[in-house]
Amino acid sequence: MTEKTIDLIDHHARVTPNNLATIDVASNRYQTYAEMNLRVGKIAQILKDQGVSKGDRVGFYALNTTDILDIIYGCWRIGAISLALNYRLSAEELAYQINDSKPKTLFYDLEFNSVVQNLKTTTKVQNWIDLDGLGGASTLEKLISETKPYKDIISQKFSDQCLLMYSSGTTGKPKGVIITHGMMFYSAVDGINLTKLTSDAISLASMPIFHIGGLNVSCCPVIRIGGTVVVIRNFEPGLVLDVIADKNIGVNQLFKVPAAYNALRMHPKIENTDFSRITTAIAGAESVPPSLIKWWHQNKNLQIQEGYGLTESAAAGILIPREYINAKPGSAGKPLMHTDVKVVKPDGTNADENSPGELLIKGPNITPGYWNNLDATKKSISNGWFKTGDIVRIDKDGFIYIEDRIDDMYISAGENIYPAEIESVLYQIPGIREVAVFGVPDDQWGFTGCAAIVCDKNKLLTEKNIYDFCIEKLAKFKIPKHYVFYELLPRGATGKVLKYQLRNEFKDKLKKN
């Protein structure tokens, strides 16, 4: 039997029409499933009127807003593919992705009107629809007011594509990741048990919705089960803490990258913010320092579950059960229900227990490939196994530890050095707010380590302070030789530190420091 998708918004509108579907914090818009169903139907009809049909791409380019969720589910009602565009990219970078994916319609935030005027001259999008993300005067709201809802539902299978998201492209042109309805289904179902997700969930979406984590951890699984998604326009620590503290909203589910949890921890409002309503807190996108998890548990009684996923796995893959958080510090957990993993050496043979190797992942949540890029697909997927490019190890109990990206590992004096291990130690030093370790050329050793550090305000650290701390916890060859200090580390849209940028800036920064 071939699995068929269901229209989730239509389903909830029939079964629980008065349940709250979304809250848009910036505009104070509250939307029930019945109201969302009407709006989704109108957007579907708008797209039909513009000639959009099954398999066509429809882009969105906007700051976080509940409008994005309306647009995505409007696309899916008629079988269109939703194209997520990163609002932090330049016009040139966006033009590449738009010209590669060829969307028929593109919804854009008036916040980015100047960029869009440029894109109109460098791309061939037929239809542009502006919105303000707040429900205010815009082409989107005008069309919605004039349009009757589309009430049919286009039949679709699990194998049909529903999303197109481009990778970060830090080592070349970004690749368009094909995401199917089946991937979204299994990603959501696999996480329900370990995250204790129910229709009572009130999930805070403060990470970018154009990213797979922001969309398919904070939003889509919650909507699938009939919960409520609370959308914040942009991540701002003080605002996030205000929303968490608001009893009338009642947020009980969090997903953030480690840098965001760290920013919340350092904010003045943290002391008086009540986290007792939070039942689930997930961290992902990069390794989570055990010291950060420990701080949240000791100071806010919040248990942060580290997880691992990629755009190519629809954000799912590995998650630590909360009862093992303290027993297995630094672990991302075990494979989720429908996920198979293996760890291989460079020669393709299985790595030994507790020995590092590349993580390969397989399951119904794994992408069938890359958009218009057969070569990249063949390089990344073999016999159903996706090569993640991440170095991990598995302990005797089957718990997985993310060591680093293959691209970030460096060799010093013949030894493989994994920056994430060193970063975990450096995060234990009082006064270090953020840190990233990367390899730089060295005449004697080939490569050696450099630590880019952000210190707490009014905290002075010296290289000797850092060395004296590290020598008790790390082999001497692992201790960074160089240190550069930043006010903020450069980060991409997912919150990951841009180590290639740090490497490029290394020499100039070292001279200044």
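Everything that follows concerns the structure shown earlier in this document.
**Q** Please clarify how the overall build of the protein should be interpreted in this entry.
**A** Each helix and strand in the protein was counted, giving 16 helices and 25 strands. Scaling as 2.2 N^0.38, a compact globule of 513 residues should have a C-alpha radius of gyration of about 24 Å, and the protein matches this with 23 Å. Here the C-alpha coordinates of the protein stretch approximately 70 × 55 × 45 Å along the principal axes. Taken across its 513 residues, the protein has 57% of its residues classed as buried. Here the analysis covers contacts within the protein between residues at least 6 apart in sequence; of these, 67% occur between residues at least 24 apart. Per element, the accessible surface of the protein, about 22200 Å² overall, is 49% carbon and sulfur.

**Q** Explain the sheet that holds strand E3 (residues 57–61) to me, please; I cannot follow it from the model alone.
**A** For sheets, the rule is that strands pair by backbone hydrogen bonds, running either parallel or antiparallel. In space, the six strands of this open sheet follow the order E6-E5-E3-E4-E7-E8, with mixed pairing throughout. The open sheet terminates on both sides in strands that have one partner only, identified here as strand E6 (127–131) and strand E8 (176–180). Between one strand axis and the next, the sheet turns through 20° on average, direction left out of account. Bridge count between E3 and strand E5 (residues 105–109): four bridges; the pairing is parallel. Its bridge partner lying in E5, Tyr 61 is registered against Tyr 108. Sheet strands in contact with helix H5 (residues 113–122) are E3, E5 and E6, and its direction is about 155° off that of E5. Relative to the sheet, helix H7 (residues 181–195) contacts strand E7 (161–166) and E8, its axis offset from that of E8 by approximately 70°.

**Q** Sorry, what's going on with the nonpolar core here?
**A** Generally speaking, nonpolar side chains in soluble globular proteins are found buried as a group. One finds Tyr 61, Tyr 73, Trp 76, Phe 107 and Leu 215 to be the most contacted residues of the largest nonpolar core, which totals 88 residues. Not counting chain neighbours up to four residues away, the residues in contact with Leu 215 comprise Leu 69, Ile 72, Leu 163, Met 165, Pro 208, Ile 209, Cys 220 and Pro 221. Judged by nonpolar contacts, the second largest core, of 29 residues, contains Leu 204, Leu 254, Ile 270 and Ile 325.

**Q** Looking at this structure, I do not really get the sheet that holds strand E15 (residues 334–335). What am I missing?
**A** The strand order across the open sheet built from nine strands is E2-E1-E10-E9-E11-E12-E13-E14-E15, with neighbouring strands paired in mixed fashion. Edge strands, defined here as strands with exactly one partner in the open sheet, are strand E2 (29–32) and E15. As paired elements, strand E9 (residues 202–205) and strand E11 (residues 253–256) share two bridges and run parallel to each other. Note that in E11 the partner of Leu 204 across the bridge is Leu 254. Most of the contacts of helix H2 (residues 33–49) go to E2, to which it runs at about 90°, and overall it touches strand E1 (20–24) and E2.

**Q** How do you make sense of helix H14 (residues 419–426) when you look at a structure like this?
**A** Among the eight residues that make up H14, six are buried, leaving the element largely enclosed by the rest of the structure. Residues of H14 that are buried: Pro 419, Ala 420, Ile 422, Glu 423, Val 425 and Leu 426.

**Q** Explanation requested: helix H4 (residues 91–101) in the structure shown.
**A** The α-helix advances 3.6 residues per turn, and as a result positions three or four apart in sequence lie on the same side. Along H4, the positions that sit buried rather than exposed are Ala 91, Leu 94, Ala 95, Gln 97, Ile 98, Asp 100 and Ser 101. On the buried face of H4, the contacting elements are E3, strand E4 (81–84), E5, H5 and E7. Of the residues flanking the end of H4, it is Lys 102, one or two places downstream, whose phi is positive at about 55°.

**Q** Looking at this structure, how should I read the pattern of salt bridges?
**A** Where charged atoms from two side chains of opposite charge approach closely, those side chains can pair. Following the criterion strictly, the structure yields 21 salt bridges and no others. Here Lys 478 and Glu 421 are joined by a salt bridge, their closest N and O atoms 2.9 Å apart. Taken together, the residues Lys 478 in the loop between helix H15 (463–470) and strand E25 (482–485) and Glu 421 in helix H14 connect sequence positions 57 residues apart. Residue Lys 478 is classed as buried on the basis of its relative accessible area of 18%. The salt bridge partner of Glu 434 is Arg 491, with a shortest N-O separation of 2.5 Å. Of this pair, Glu 434 sits in strand E23 (residues 432–442) while Arg 491 is found in the loop between E25 and helix H16 (499–512), placing the two residues 57 residues apart along the sequence.

**Q** Looking at this structure, I do not really get the pairing of E2. What am I missing?
**A** Walk down a regular strand and you will see the side chains alternate between the two sheet faces. In the sheet, E1 pairs with E2 via four bridges, with the strands oriented antiparallel. If you follow Leu 20 over to E2, its bridge partner there is Thr 32.

**Q** Would you mind showing me how to read the packing of aromatic side chains here?
**A** Each aromatic ring pair is summarised here by two numbers: the centre-to-centre distance and the angle between the ring planes. Enumeration over the complete set of coordinates arrives at twelve aromatic pairs. Taking the centre distance of 5.1 Å and the plane angle of 75° together, the rings of Tyr 73 and Trp 76 count as edge-to-face. Here Trp 76 and Tyr 73 lie together in helix H3 (residues 66–77), a separation of three residues that amounts to about one turn. Among the aromatic residues, those joined into a ring-pair cluster are Tyr 61, Tyr 87, Phe 112 and Phe 210.

**Q** Would you take a moment to explain the side chain of Asp 190 for this structure?
**A** Structurally, the position occupied by Asp 190 is in helix H7. We note that Asp 190 is buried and unpaired, the nearest opposite charge coming from Arg 224 at a distance of 11 Å. For Asp 190, the side chain forms a polar contact with the side chain of His 338, separated by 2.5 Å. With near-sequence residues (within four places) excluded, Asp 190 lies in contact with Leu 336, Met 337, His 338 and Thr 339.

The rules we used
Residues numbered from 1 in each chain as written. Predicted model: local features only at pLDDT ≥ 70, side-chain atom pairs only at ≥ 80, totals over all residues. Heavy atoms only, no water. Helix = DSSP H or I, 4+ residues; strand = E, 2+ residues; numbered from the N terminus. Rg over C-alpha atoms; globule rule 2.2 N^0.38 Å. Buried < 20%, exposed > 50% of the residue type's maximum accessible area, 1.4 Å probe, protein only. Contact = heavy atoms within 4.5 Å. Areas by Shrake-Rupley, 256 points an atom, 1.4 Å probe, with all protein chains shown as cover. Pairing = 2+ DSSP bridges. Axes fitted to C-alpha atoms, helices over the stretch in contact; angles between N-to-C directions. Core = buried A, V, L, I, M, F, W, Y, C linked by side-chain atoms within 4.5 Å. Salt bridge = Lys/Arg side-chain N within 4 Å of Asp/Glu carboxyl O. Phe/Tyr/Trp six-rings, centres within 6.5 Å; stacked < 30°, edge-to-face > 60°. Lys, Arg positive; Asp, Glu negative; His and termini not counted. Polar contact = N/O pair within 3.5 Å; in protein donor to acceptor, adjacent residues only side chain to side chain.

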